[in-house]
Amino acid sequence: MRIKQIIICCIFFLFLLCTETAAAEIAQGTEIQITVNESSQSSPAIYSDRIVWQDERNGNWDIYMYDLSSSTEIQITPDESAQWDPAIYGDIIAWEDRRGDDGNVYMYNLSSSTESQVTTDESYQGYPAIYEERMIWMDGREGIYMYNLSTLTEIRLLTNERGGLCDIYGDRIVWEEWNNGNSDIYMYDLSTCTKTPIVTDESDQRWPAIYEDKIVWEDWRNGNPDIYMYDISTSMETRITADESDQQRPDVYGDRIVWDDFRNRNYDIYMYNLSTSTEVQVTTDESGQENPAIYGNRIVFTDNRNGNPDIYVFAFGSPENDPVEGIKKLKEYVDSLNLHPSAANVFDTRLKSAISYLEKGDEDKALKKLESFIRCVHFMQEKGRLEDKEAEHIVGETQGIISLIRNS
């Protein structure tokens, strides 16, 4: 009788597990393997068409970059010591560098092909984050530090904080703080010079990321790591994941939040769309996929399906995986913006041409028009005719359409 009860309990547990796993829809889009080397590649970051990661193919960790627009890979750091945990914004790549001491932050300027050392203090500095002309990092000195890329100066923003992992968007910096005996999430506003506690629960809150008014983090208050979000504009906290398995290491872009998820008894990448209140499973391979980073319609992550960690990218498909419909939807968004007539005309011409070439079956010319469209968007952004938020959304949507065409 007892054996029968055990069997029934096991069947019921498996049923719950299967129904829980099936709860999330599968994301629609295109998955691409970026690295094929048999050594380890991990910790990816992405900005626009560029993906960076740490790479062990030379017997030590180096920083590499892959340009999706030209399908070219570049080794950024040739030094024999270890370089890892890269970040990228525009033409600037930053990383933690172990040449000579316990860790400093270095950076590489792609436009000038020059490398420079950012921090020189003997204590630890690592895990950099960049937004426009500002760079921050995790620092072994007590305090929160920032580097201005225009003036090449380091600024100490706060003096008594034991800071951990950090992120930056606009005038706002978020970080883990360990002053209370556990890890909490705090924010500092550069425009008002004010520090604000975001979450100070007695459990640990770690791995913060910020985009616009949204802060996300990994939260242990329920006995396992969950993903939470705080909306600065409404001062509201939202629990994003409620599954009893582990969800950790989130990132956020626009209305999309991504994270590692262990509900299938291996790590997969999941995503939650705030605008539709829907959760989707991005990766389904039985090996582990971890460390997601998101930009626009693309998610990069570390993938172990080939027996070693590789870098993959997932690009969300446009409506019904139809690039023409995707361009039409993008055109509607562009048309809704209050643009100067000359800019509106340039955008309209390129998008219409891309649709025309696709309808004729000439994908190469359609791709060239879309790539030219992205260059125009960046130009208008630099001239101040497009807001950063608008430009980033347009570029992200266009990149998703380009990936869909290339892999169709």
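See the structure above.
Cut-offs used in this document
Residues numbered from 1 in each chain as written. Predicted model: local features only at pLDDT ≥ 70, side-chain atom pairs only at ≥ 80, totals over all residues. Heavy atoms only, no water. Salt bridge = Lys/Arg side-chain N within 4 Å of Asp/Glu carboxyl O. Helix = DSSP H or I, 4+ residues; strand = E, 2+ residues; numbered from the N terminus. Buried < 20%, exposed > 50% of the residue type's maximum accessible area, 1.4 Å probe, protein only. Phe/Tyr/Trp six-rings, centres within 6.5 Å; stacked < 30°, edge-to-face > 60°. Lys NZ or Arg CZ within 6 Å of the ring centre and 35° of its normal. Pairing = 2+ DSSP bridges. Axes fitted to C-alpha atoms, helices over the stretch in contact; angles between N-to-C directions.

Draft legend 1. Summary view of the pattern of salt bridges. Evaluated as defined, the whole model comprises 29 salt bridges. Arg221 is the partner of Glu237 in a salt bridge, and the nearest nitrogen-oxygen pair spans 3.0 Å. Here the residue Glu237 occupies a position in strand β22 (residues 236-239), and Arg221 occupies one in the loop between β20 (214-219) and β21 (226-231), the gap between them amounting to 16 residues. Between Arg249 and Glu290 there is a salt bridge; the shortest N-O distance is 2.7 Å. Of this pair, Arg249 sits in strand β23 (residues 247-253) while Glu290 sits in strand β27 (residues 289-295), and the two are 41 residues apart along the sequence. Taking relative accessible area as the criterion, Arg249 reaches 16% and is therefore assigned buried. Connected through salt bridges with shared partners, the residues Asp121, Asp139, Arg141 and Glu154 form a single ionic network.

Draft legend 2. Highlighting the packing of aromatic side chains. What the rule picks out here adds up to 16 aromatic pairs. A ring pair is formed by Tyr47 and Tyr89, whose centres lie 4.6 Å apart and whose planes are at 45 degrees; its orientation type is tilted. With Tyr47 in strand β3 (residues 41-47) and Tyr89 in strand β7 (residues 83-89), this residue pair connects regions lying 42 residues apart in the sequence. Each member of the pair, Tyr47 as well as Tyr89, carries the same accessibility label: buried. Ring geometry for Trp53 and Tyr64: centres 6.3 Å apart, planes at 20 degrees, overall stacked. In this pair, Trp53 is assigned in strand β4 (residues 50-55) and Tyr64 in strand β5 (residues 62-67), connecting sequence segments 11 residues apart. Taken as a pair, Trp53 and Tyr64 share a single burial class, namely buried. Of the aromatic side chains, those joined through ring pairs into one cluster are Tyr47, Tyr89, Tyr131, Tyr169, Tyr211, Tyr253 and Tyr295. When the ring centre of Tyr228 is taken as origin, the NZ or CZ atom of Arg221, which lies over that ring, is 4.2 Å away.

Draft legend 3. Up close: the sheet that holds β5. Read from one edge of the open sheet, 4 strands run β3-β4-β5-β6, paired in antiparallel fashion. The strands lining the two open edges of the sheet, one partner per strand, are β3 and β6 (72-75). Averaged over neighbouring strand pairs, the angle between their axes works out to 25 degrees when direction is ignored. Note that β3 and β4 share 5 bridges and pair antiparallel. Within β4, the residue paired with Tyr47 across the bridge is Arg50.

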